[in-house]
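Reading the structure
For reference, the chains in residue letters:
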Amino acid sequence: MRNKSKSSLLVAGLLFFLSQAELIHSQSVPSTDPLIEETGDGLLRVDPLMMGAAWVKPDIDLSQYSKLYFMPVVVQYREVREIRNSRSKGSVDSFVPTDSLKDILESSFAEYFYEEVSAVSSYQLSEEVGREVLLIQAYLTDVISGVPPDVPQAYTTTIRWLWEVGAVLELRDSMTGEILARTADRRRADGPLDANLAWTFTPRATRRWAKLLINRLDELGDLTGRPGFWPLISQDE
């Protein structure tokens, strides 16, 4: 009976968090203002001298976790005005990406992040939730593209940059769903490059962002395993 009860708990938890991931995907992304000292979900900012834009639960202890459960990546695009008149393209800096360009961004980021999570040596990859399991989830937020629509393939169209994204990592306890840590970086895939090569260079950018988030995971582990890594930003400031 005890094993059956434990199994039922794990299945219920898994179904709950999968439904939560779908909800997050469709409705919202984390707040990542680097100047916020305390987030709306109770995380406190790590001293930026120790780590960049990062927020953690005050009593966080990642040493109790030995496994990672991979959650679906979430990609959220900034709303920009769609340019229909080619003569207006020179007056704007960012564009609505085509569906095919979105597809390569989202699929390559998901693939590379999963590969990077699977290769983390300090954790095992888990297929179920449990007491020693962290939920790990990556976001690309406020995504904008420097690739104009309807680029003629017969000509070279030089663009200054390809993508700009917010790369966000979240860690949660897999049994309770409690948020434990969040990191946020703003990154741009710079050019110059031919716009027709955007589909070739996008996976190179998403691989870099996936590796960046794994570096943040390692940094969080180093910080929380180091006695006295507090104080955070002073609450009196």
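Quick caveat, the model's predicted, so the values are computed rather than measured. (Residues numbered from 1 in each chain as written. Predicted model: local features only at pLDDT ≥ 70, side-chain atom pairs only at ≥ 80, totals over all residues. Heavy atoms only, no water.)

**As for the confidence of the model for the protein**
- With 77% of its residues at a pLDDT of at least 70, the protein reaches an overall mean of 83.
- Below a pLDDT of 50 lies the segment residues 1-14, which in the model reaches eight contacts outside its immediate sequence neighbourhood of four places, other chains included.
- Between residues 19-27, whose pLDDT stays under 50, and residues either more than four places distant or in other chains, the model counts nine contacts. (pLDDT = per-residue confidence, 0-100. Contact = heavy atoms within 4.5 Å.)

**What about the pattern of salt bridges?**
- Summed over the entire model, instances satisfying the criterion amount to 14 salt bridges.
- Residue Arg-186 is joined to Glu-164 by a salt bridge in which the shortest nitrogen-to-oxygen separation is 3.0 Å. Of this pair, Arg-186 sits in strand 8 (residues 179-194) while Glu-164 is found in strand 7 (residues 158-173), placing the two residues 22 residues apart along the sequence.
- The class for Arg-186 is partly exposed, based on a relative accessible area of 33%.
- Residue classification places Glu-164 among the buried residues on the basis of a relative accessible area of 16%. (Salt bridge = Lys/Arg side-chain N within 4 Å of Asp/Glu carboxyl O. Helix = DSSP H or I, 4+ residues; strand = E, 2+ residues; numbered from the N terminus. Buried < 20%, exposed > 50% of the residue type's maximum accessible area, 1.4 Å probe, protein only.)

**Some thoughts on the side chain of Glu-170**
- With respect to the helices, strands and loops of the structure, Glu-170 is situated in strand 7.
- The class for Glu-170 is buried, based on a relative accessible area of 2%.

**A few points about the pairing of strand 6 (residues 133-145)**
- When you tally the buried positions in strand 6, you get 12 out of 13 residues, the bulk of the element.
- For strand 3 (residues 67-70) and strand 6, the ladder comprises four bridges, and the chain directions are parallel. Residue pairing for strand 6: Leu-68 is matched across the bridge by Leu-134.
- Of the strand pairs in this sheet, strand 4 (residues 74-77) and strand 6 are connected by three bridges, and their pairing is parallel. Counted as the bridge partner of Val-75 is Leu-140 from strand 6.
- In the sheet, strand 6 pairs with strand 7 via 10 bridges, with the strands oriented antiparallel. (Pairing = 2+ DSSP bridges.)

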